[in-house]
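Residue strings, one per chain:
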Amino acid sequence: MTEKPEVRASVGEIVAFVMRSGDIRPGRIDVQAFVEGGRTHRETQSGRGAGYEAEVLLETRVEGASCVLRVSGRADGVERIGDSVVLEEIKSTRAPPDGIEEDAYPEHWAQAKLYGYMLTERDALD
(Lines give C-alpha, C1' and ligand atoms only; values in the text may rest on other atoms or scores of the structure.)
Protein backbone atom coordinates (compact mmCIF):
# COMPACT_ATOMS: atom_id res chain seq x y z
CA MET A 1 0.00 0.00 0.00
CA THR A 2 1.35 3.44 -0.97
CA GLU A 3 1.55 6.08 1.74
CA LYS A 4 -0.67 9.09 1.04
CA PRO A 5 1.03 12.48 0.65
CA GLU A 6 0.59 14.88 3.55
CA VAL A 7 -0.60 18.44 3.04
CA ARG A 8 -0.01 20.91 5.86
CA ALA A 9 -2.08 24.02 6.45
CA SER A 10 -2.54 26.46 9.30
CA VAL A 11 -5.88 27.20 10.91
CA GLY A 12 -5.59 30.73 9.50
CA GLU A 13 -5.06 29.42 5.95
CA ILE A 14 -8.02 27.05 6.18
CA VAL A 15 -10.33 29.74 7.57
CA ALA A 16 -9.17 32.34 5.02
CA PHE A 17 -9.86 29.89 2.19
CA VAL A 18 -13.23 28.67 3.44
CA MET A 19 -14.53 32.09 4.53
CA ARG A 20 -13.16 34.21 1.68
CA SER A 21 -15.45 36.79 0.18
CA GLY A 22 -15.27 40.23 -1.39
CA ASP A 23 -13.38 41.45 -4.40
CA ILE A 24 -9.85 40.89 -5.68
CA ARG A 25 -8.46 44.28 -4.64
CA PRO A 26 -6.01 44.01 -1.74
CA GLY A 27 -6.92 45.75 1.49
CA ARG A 28 -4.82 48.37 3.22
CA ILE A 29 -2.40 47.00 5.80
CA ASP A 30 -2.20 49.09 8.96
CA VAL A 31 1.11 48.22 10.65
CA GLN A 32 0.25 50.31 13.72
CA ALA A 33 -2.95 48.28 14.19
CA PHE A 34 -0.88 45.07 14.20
CA VAL A 35 1.45 46.52 16.86
CA GLU A 36 -1.46 47.71 19.01
CA GLY A 37 -3.26 44.38 18.53
CA GLY A 38 -0.20 42.43 19.66
CA ARG A 39 0.16 44.59 22.75
CA THR A 40 -3.54 44.19 23.61
CA HIS A 41 -3.24 40.46 23.00
CA ARG A 42 -0.36 40.10 25.48
CA GLU A 43 -2.11 42.31 28.06
CA THR A 44 -5.25 40.19 27.81
CA GLN A 45 -3.27 36.99 28.40
CA SER A 46 -1.18 38.30 31.29
CA GLY A 47 -2.20 37.90 34.90
CA ARG A 48 -4.50 34.94 34.35
CA GLY A 49 -5.05 32.25 36.96
CA ALA A 50 -3.30 28.92 37.38
CA GLY A 51 -5.85 27.16 35.14
CA TYR A 52 -5.02 29.37 32.13
CA GLU A 53 -2.67 28.30 29.36
CA ALA A 54 -1.65 30.80 26.64
CA GLU A 55 -0.77 29.98 23.03
CA VAL A 56 -2.03 26.39 23.04
CA LEU A 57 -0.74 24.36 20.08
CA LEU A 58 -3.53 22.34 18.48
CA GLU A 59 -3.36 19.99 15.53
CA THR A 60 -5.71 17.67 13.71
CA ARG A 61 -5.25 15.15 10.95
CA VAL A 62 -7.90 14.41 8.33
CA GLU A 63 -7.39 11.48 5.99
CA GLY A 64 -8.96 11.83 2.56
CA ALA A 65 -9.07 9.50 -0.41
CA SER A 66 -5.84 10.80 -1.94
CA CYS A 67 -3.99 12.67 0.83
CA VAL A 68 -3.76 13.47 4.52
CA LEU A 69 -4.53 17.04 5.59
CA ARG A 70 -2.73 18.15 8.74
CA VAL A 71 -4.07 21.41 10.20
CA SER A 72 -2.34 23.17 13.07
CA GLY A 73 -2.41 26.45 14.91
CA ARG A 74 -2.22 28.14 18.27
CA ALA A 75 -5.36 29.01 20.20
CA ASP A 76 -4.79 32.20 22.17
CA GLY A 77 -5.83 30.65 25.46
CA VAL A 78 -7.48 27.72 27.19
CA GLU A 79 -8.77 28.02 30.72
CA ARG A 80 -9.98 25.15 32.87
CA ILE A 81 -12.51 26.22 35.49
CA GLY A 82 -13.80 23.23 37.44
CA ASP A 83 -15.37 20.87 34.92
CA SER A 84 -15.57 23.59 32.25
CA VAL A 85 -13.08 24.43 29.53
CA VAL A 86 -13.04 27.91 28.01
CA LEU A 87 -11.32 28.46 24.67
CA GLU A 88 -10.17 32.01 24.00
CA GLU A 89 -9.43 33.53 20.61
CA ILE A 90 -8.46 37.16 21.19
CA LYS A 91 -9.40 39.85 18.68
CA SER A 92 -8.89 43.55 19.19
CA THR A 93 -10.53 46.47 17.46
CA ARG A 94 -10.64 50.25 17.47
CA ALA A 95 -14.42 50.16 16.94
CA PRO A 96 -16.71 50.81 19.91
CA PRO A 97 -17.72 47.39 21.32
CA ASP A 98 -21.42 48.28 21.44
CA GLY A 99 -21.35 48.87 17.67
CA ILE A 100 -20.13 45.36 16.81
CA GLU A 101 -22.77 42.81 15.96
CA GLU A 102 -22.14 39.22 17.07
CA ASP A 103 -22.07 37.95 13.48
CA ALA A 104 -20.01 40.85 12.07
CA TYR A 105 -16.80 38.83 11.67
CA PRO A 106 -17.69 35.28 10.60
CA GLU A 107 -14.05 34.42 9.91
CA HIS A 108 -13.21 35.05 13.58
CA TRP A 109 -16.02 32.74 14.70
CA ALA A 110 -14.87 30.11 12.18
CA GLN A 111 -11.35 30.26 13.59
CA ALA A 112 -12.63 29.81 17.16
CA LYS A 113 -14.89 26.94 16.09
CA LEU A 114 -12.03 25.12 14.35
CA TYR A 115 -9.84 25.52 17.43
CA GLY A 116 -12.78 24.33 19.54
CA TYR A 117 -13.12 21.20 17.42
CA MET A 118 -9.39 20.52 17.63
CA LEU A 119 -9.34 21.00 21.42
CA THR A 120 -12.41 18.79 21.85
CA GLU A 121 -10.80 16.09 19.74
CA ARG A 122 -7.40 16.32 21.48
CA ASP A 123 -8.78 16.28 25.04
CA ALA A 124 -11.76 13.96 24.37
CA LEU A 125 -14.23 16.60 25.58
CA ASP A 126 -18.01 16.33 25.24
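These figures come from a predicted structure and were not determined experimentally.

Undergrad: Talk me through the overall build of the protein; I want residue IDs and the actual numbers.
TA: Tallying secondary structure elements over the protein gives three helices and four strands in all. Counting from the amino terminus, helix and strand elements in the protein follow one another as β-α-α-β-β-β-α. With 126 residues in all, the protein has 21% of them scored as buried. The contacts in the protein between residues at least 6 apart in sequence include a share of 63% that link residues at least 24 apart.

Undergrad: Tell me about the pairing of strand S2 (residues 52–63), and name the residues and values.
TA: With 11 bridges joining them, S2 and strand S3 (residues 68–81) adopt antiparallel strand pairing. Across the sheet, residue valine 62 finds its bridge partner in S3, namely leucine 69. Where S2 folds back onto S3 in an antiparallel hairpin, the turn is made up of four residues.

Undergrad: Pulling in residues and values, what's your account of the nonpolar core?
TA: Side chains that are nonpolar tend, in soluble globular proteins, to be buried together. Counting 11 residues, the largest nonpolar core is built from Val11, Val15, Val56, Leu58, Val71, Ala75, Val78, Ala110, Tyr115, Met118 and Leu119. Of all elements in the fold, only helix H1 (11–19), S2, S3 and helix H3 (106–123) reach the threshold of two or more residues within this core. If one sorts the elements of this core by residue count, H3 sits on top with four residues. Not counting chain neighbours up to four residues away, the residues in contact with valine 15 comprise Arg20, Glu107, Ala110, Gln111 and Leu114.

Undergrad: Talk me through the environment of glutamate 53; I want residue IDs and the actual numbers.
TA: Assignment of secondary structure puts glutamate 53 in strand S2. In this structure, the C-alpha to C-alpha distance between glutamate 53 and phenylalanine 17, residues 36 residues apart in sequence, is 28 Å. Not counting residues up to four positions away in its chain, the partners in contact with glutamate 53 are Asp76, Gly77 and Val78.

Undergrad: Break down the pattern of salt bridges for me, citing the residues and quoting the values.
TA: The full count for this structure, using the stated rule, is 11 salt bridges. Across the pair arginine 80 and aspartate 123 runs a salt bridge whose closest N-O atoms are separated by 2.6 Å. Note that arginine 80 is positioned in strand S3 and aspartate 123 in helix H3, a separation of 43 residues in sequence. If you follow the salt bridges from partner to partner, you end up with Glu6, Arg8, Glu59 and Arg70 in one network.

Undergrad: Explain the pairing of S3 to me, using residue names and the numbers behind them.
TA: Bridge count between strand S1 (residues 6–10) and S3: five bridges; the pairing is parallel. When the bridges of S3 are listed, serine 10 appears paired with serine 72. Pairing of S3 with strand S4 (residues 84–88) involves five bridges; the strand directions are antiparallel. Bridging from a neighbouring strand, isoleucine 81 pairs with serine 84 of S4. The loop that links S3 with its antiparallel partner S4 comprises two residues; one of these, glycine 82, has a positive phi angle of about 65°.

Cut-offs and rules
- Residues numbered from 1 in each chain as written.
- Predicted model: local features only at pLDDT ≥ 70, side-chain atom pairs only at ≥ 80, totals over all residues.
- Heavy atoms only, no water.
- Helix = DSSP H or I, 4+ residues; strand = E, 2+ residues; numbered from the N terminus.
- Buried < 20%, exposed > 50% of the residue type's maximum accessible area, 1.4 Å probe, protein only.
- Contact = heavy atoms within 4.5 Å.
- Pairing = 2+ DSSP bridges.
- Core = buried A, V, L, I, M, F, W, Y, C linked by side-chain atoms within 4.5 Å.
- Salt bridge = Lys/Arg side-chain N within 4 Å of Asp/Glu carboxyl O.

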